[in-house]
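Below, each chain spelled out in residue letters.
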Amino acid sequence: MDSQVEYSHSEIMVVITALMLVMLLAALDQTIVSTALPRIATDLHGLNKISWVATAYLLTSAITTPIYGKISDQLGRKKIFQTAIIIFLIGSVLCGISQNMNELVLARGLQGIGAGGLMSLVLAIVGDIIPPRQRGKYMGYFMSVFGVSSVIGPLLGGFLTDSLSWRWVFFVNIPLGAIALTAVATRLHLPVYKEDHNIDYTGAALLSVGSVCLLLATVWGGTNYAWASTQIIGLLIAGVVLAVSFVLWERRAKEPIIPLHLFKNDIFTVSVLLSLLSGIAMFAAILYIPVYQQTVRGFSPTKSGLLMLPLVLGLLVAGITSGRLTSKLGRYRIFPIVGTLVLAFGLWLFSHLTLTTPEWMLGLWMLVIGAGLGTFMQIMTLAIQNSVDRRHMGTATSSATFFRSLGSAFGGAIFGSIMLNRLSHYLTLSLPHTSSKLNVSNIQQGANLQSLPPAVANTVQQSFVHAFHDMFLFAIPIALLAFVVALFLRETPLRSSHDQPVIE
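Side note on the overall build of the chain
Then step 1. When you go through the chain residue by residue, the secondary structure sums to 19 helices and zero strands.
Then step 2. Taking all 504 residues of the chain together, 60% fall into the buried category.
Then step 3. Here the contacts in the chain between residues at least 6 apart in sequence split such that 84% fall between residues at least 24 apart.
Then step 4. A total of about 19,400 Å² of accessible surface is found on the chain, and carbon and sulfur atoms cover 67% of it.

Written out as structure tokens, the structure reads:
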């Protein structure tokens, strides 16, 4: 395929089909794990590390995303794409055979290294072959895949966990990955660019270590160590120093991992900031609603998966609708403004959780959150791709994906820390010191509530409810800040072809 030729719908759909298989692989892994997490935490005795199962994956995928974008811009996307799939599958196998939470967290980190190339390169390849004005309707196909995986994922994850083992939520990636690799090898034909390249390993190292320091401070603060302790203050200082060093290094790097010149484009800057904030806010819902359903309500993983369907429905319908309206109208600014407000409203609804909230009401609240996310999540990528030159497509797309993934990683860590901190607070207030060998640490490590005396179990469940209530309250300001940022998004006409110049 010649990168300068516009392709017909049938030619595009051949490539889109292969990409949709890879998108299914990546999206399914995110959703299939959510309903299995509470069982994993119980079996491996690590409720206090549950956020790291998601955070390790998201952090490594975030850090490697810009590297994949840079390499693919220079060497072509196909081989890099295939390598990412293979790394992802190796990580999946190691996740499935993990014997403790530390092994699982490390394996999820490796899996994330592969995942960093999946989402960003799929979107970059779409940007290579489809003009911006037409991209919205094709993005709808990917939202459909995400919606289908979101439907299948929680149900399949719950079914496998109940009937076989939670380990199969990782092993199921293997046959799907083999199909995806075959489809990419036979269906995806893109030009290969042979250029001299210098990978910014120093920048990647500074970014990685700095992010880990800040995440550790977030996760450990108030639980493992006091916020004013030497350990937490030291981690915060190290994180800030490394972040500043990263920015200074990127200014002089020959081929920076995140080119700072992109931030001179206000559409890019607003879009990545919005992606960061939305990534933080969304994980309060996606990661911890199943924990509430299984830990507090005592639902099985399968039922928990079924009860997530309204969120999926909202995400799917809103995503396809906003994508088609964007292509039809040629306008995109309104969708992030409306979507962030709807998301904030959904989080506010969830701050009213109780032990006995009716299931139909939970479903309605999840529908609202899904509609909010679906309205604008894919629009940010479209806005960025429309505002940069084609030669920067891969780097700009992967940079945006990086900030969204980084936001998700911090969201998982921040809200996990808030939940555990508030849970510890409420348990300390509610439980008598003489409660038959029960303590906060036991519960945080995944004590089975069904084995507790009814009165004690009820107190623990109430403590969980209060902790979830506080966690969702903390998420609301982040969604509202995203709304404020969305107001600054500048709209430019969507280009009808790749050759049309970028409008400043």
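So, the side chain of Ser92
Then step 1. With respect to the helices and strands, Ser92 occurs in helix α4 (residues 78–96).
Then step 2. Classification of Ser92 by relative accessible area gives buried; the value is 0%.
Then step 3. Within polar-contact distance, the side chain of Ser92 engages the side chain of Asn173 at 3.0 Å.
Then step 4. In this structure, Ser92 is in contact with Gln111, Phe170, Asn173 and Ile174, ignoring residues within four places of it in sequence.

Description of helix α14 (residues 309–329)
Then step 1. In a regular helix each residue adds 1.5 Å, so 21 residues correspond to 30 Å; α14 covers 30 Å between its end C-alpha atoms and thus fits that length.
Then step 2. Within α14, the full set of buried residues consists of Leu311, Val312, Gly314, Leu315, Ala318, Gly319, Ser322, Gly323, Thr326 and Ser327.
Then step 3. A positive backbone phi angle near 70° is found at Gly330, which sits one or two residues after α14.

Structural notes on the packing of aromatic side chains
Then step 1. One pass over the full model with this rule turns up nine aromatic pairs.
Then step 2. Relative to Phe268, the ring of Phe263 has its centre 5.2 Å away and its plane inclined at 80°; by these criteria the two rings are edge-to-face.
Then step 3. Relative to Trp365, the ring of Phe350 lies with its centre 5.5 Å away and its plane at 70°, an arrangement referred to as edge-to-face. Here the residue Phe350 occupies a position in helix α15 (residues 334–350), and Trp365 occupies one in helix α16 (residues 359–387), the gap between them amounting to 15 residues.

Quick look at the environment of Gly346
Then step 1. Within the secondary structure, Gly346 sits in helix α15.
Then step 2. Judged by relative accessible area, Gly346 falls into the buried class, the value being 0%.
Then step 3. Sequence-wise, Gly346 and Trp365 are 19 residues apart; in three dimensions their C-alpha atoms are separated by 5.8 Å.
Then step 4. What Gly346 contacts, discounting residues up to four positions off in sequence, is Val368 and Ile369.

With respect to the pattern of salt bridges
As a working rule, side chains carrying opposite charge can pair if their charged atoms are close by.
Then step 1. Evaluated as defined, the whole model comprises four salt bridges.
Then step 2. Asp266 is the salt-bridge partner of Arg490, the closest N and O atoms lying 2.7 Å from each other. Of this pair, Arg490 sits in the segment after α19 (454–486) while Asp266 sits in helix α11 (residues 266–286), and the two are 224 residues apart along the sequence.
Then step 3. A relative accessible area of 29% places Arg490 in the partly exposed class.

Structural notes on helix α5 (residues 101–129)
Then step 1. The end-to-end C-alpha distance of α5, which contains 29 residues, comes to 42 Å, matching closely the 42 Å that a straight helix rising 1.5 Å per residue would cover.
Then step 2. For α5, the principal kink sits at Gly114 and spans about 30°.
Then step 3. Two or three places before Asn102, at the start of α5, stands the capping residue Asn100, its side-chain oxygen 3.1 Å from that residue's backbone nitrogen.

Quick notes on the packing of α15 against α16
Then step 1. Between α15 and α16, whose axes approach to 8 Å, the crossing angle comes to 155°. As far as their axial angle goes, α16 and α15 are roughly antiparallel. Note that α15 runs across α16; the crossing there is left-handed. Of the residues in α16, those touching α15 at Phe335, Pro336, Gly339, Thr340, Val342, Leu343, Phe345, Gly346, Leu347, Leu349 and Phe350 are Leu362, Trp365, Met366, Val368, Ile369, Ala371, Gly372, Leu373, Thr375, Phe376, Ile379 and Met380.
Then step 2. Per-class residue counts for the contact of α15 with α16 are 18 nonpolar, five polar and no charged.

Structural notes on the nonpolar core
Generally speaking, nonpolar side chains in soluble globular proteins are found buried as a group.
Then step 1. The biggest cluster of nonpolar side chains holds 148 residues, and the ones touching the most others in it are Leu19, Ile40, Phe81, Leu118, Leu347, Phe350 and Phe468.
Then step 2. Among the elements that line this core, the one with the most residues is α19, at 16 residues.

So, the environment of Leu349
Then step 1. Inspection of the secondary structure assignment puts Leu349 in helix α15.
Then step 2. On the basis of relative accessible area, Leu349 is assigned to the buried category, the value being 12%.
Then step 3. Residues Leu349 and Trp365, spaced 16 residues apart in sequence, show a C-alpha to C-alpha distance of 6.2 Å.
Then step 4. With sequence-adjacent residues up to four places away left out, Leu349 is seen in contact with Trp365 and Val368.

A look at the packing of helix α9 (residues 201–220) against helix α10 (residues 230–252)
Then step 1. At their nearest, the axes of α9 and α10 sit 8 Å apart, and the two run at 155° to each other. One element, α9, and the other, α10, form an angle in the roughly antiparallel class. The way α9 lies across α10 gives a crossing that is left-handed. Residues Thr202, Gly203, Leu206, Leu207, Val209, Gly210, Cys213, Leu214, Leu216, Ala217 and Trp220 of α9 pack against Ile232, Leu235, Leu236, Ala238, Gly239, Val240, Leu242, Ser245, Phe246, Trp249 and Glu250 of α10.
Then step 2. Here the residues of the contact of α9 with α10 sort into 16 nonpolar, five polar and one charged.

A short note on the environment of Phe415
Then step 1. Topologically, Phe415 is positioned in helix α17 (residues 393–430).
Then step 2. For Phe415, a relative accessible area of 0% puts it in the buried group.
Then step 3. Note: C-alpha distance between Phe415 and Phe283 (132 residues apart in sequence) is 7.9 Å.

Remarks on the side chain of Thr340
Then step 1. Among the secondary structure elements, Thr340 is positioned in helix α15.
Then step 2. Setting aside its immediate chain neighbours within four residues, Thr340 contacts Leu274, Phe376, Ala479, Ala482, Phe483 and Ala486.

A closer look at the confidence of the model for the chain
Then step 1. Residues of the chain with pLDDT of at least 70 account for 83%, and the chain-wide mean is 78.
Then step 2. Here helix α18 (residues 440–444) stands out as the least confident element of the chain, with mean pLDDT 49; α15 is the most confident, with 91.
Then step 3. Throughout residues 434–438 the model reports pLDDT below 50, and contacts reaching past four residues in sequence, or to other chains, amount to six contacts.
Then step 4. In the predicted structure, residues 497–504 sits below a pLDDT of 50 and forms 22 contacts with residues beyond four places in sequence or in another chain.

So, a nonpolar patch on the surface
Then step 1. A grouping of Ile86, Ile90, Val93, Leu94, Ile97 and Ile174 is seen on the molecular surface, where their side chains present a nonpolar patch of about 460 Å² in accessible area.
Then step 2. At four residues, the largest contribution of residues to the nonpolar patch is made by α4.
Then step 3. Mapped onto the fold, Ile86 is located in helix α4.
Then step 4. On the accessibility criterion, Ile86 (43% relative accessible area) is partly exposed.

Thresholds, definitions, all that
Residues numbered from 1 in each chain as written. Predicted model: local features only at pLDDT ≥ 70, side-chain atom pairs only at ≥ 80, totals over all residues. Heavy atoms only, no water. Helix = DSSP H or I, 4+ residues; strand = E, 2+ residues; numbered from the N terminus. Buried < 20%, exposed > 50% of the residue type's maximum accessible area, 1.4 Å probe, protein only. Contact = heavy atoms within 4.5 Å. Areas by Shrake-Rupley, 256 points an atom, 1.4 Å probe, with all protein chains shown as cover. Polar contact = N/O pair within 3.5 Å; in protein donor to acceptor, adjacent residues only side chain to side chain. Expected span 1.5 Å × (residues − 1). Phe/Tyr/Trp six-rings, centres within 6.5 Å; stacked < 30°, edge-to-face > 60°. Salt bridge = Lys/Arg side-chain N within 4 Å of Asp/Glu carboxyl O. Bend = angle between axes of the 7 residues up to and from the residue. Axes fitted to C-alpha atoms, helices over the stretch in contact; angles between N-to-C directions. Parallel < 35°, antiparallel > 145°, perpendicular 65-115°, else oblique. Left-handed = near helix turned anticlockwise from the far one by under 90°. Nonpolar A, V, L, I, M, F, W, Y, C, P; charged D, E, K, R; others polar. Core = buried A, V, L, I, M, F, W, Y, C linked by side-chain atoms within 4.5 Å. pLDDT = per-residue confidence, 0-100. Patch = residues over 30% accessible without salt bridge, like charges linked within 9 Å, V, L, I, M, F, W, Y side chains within 5 Å.

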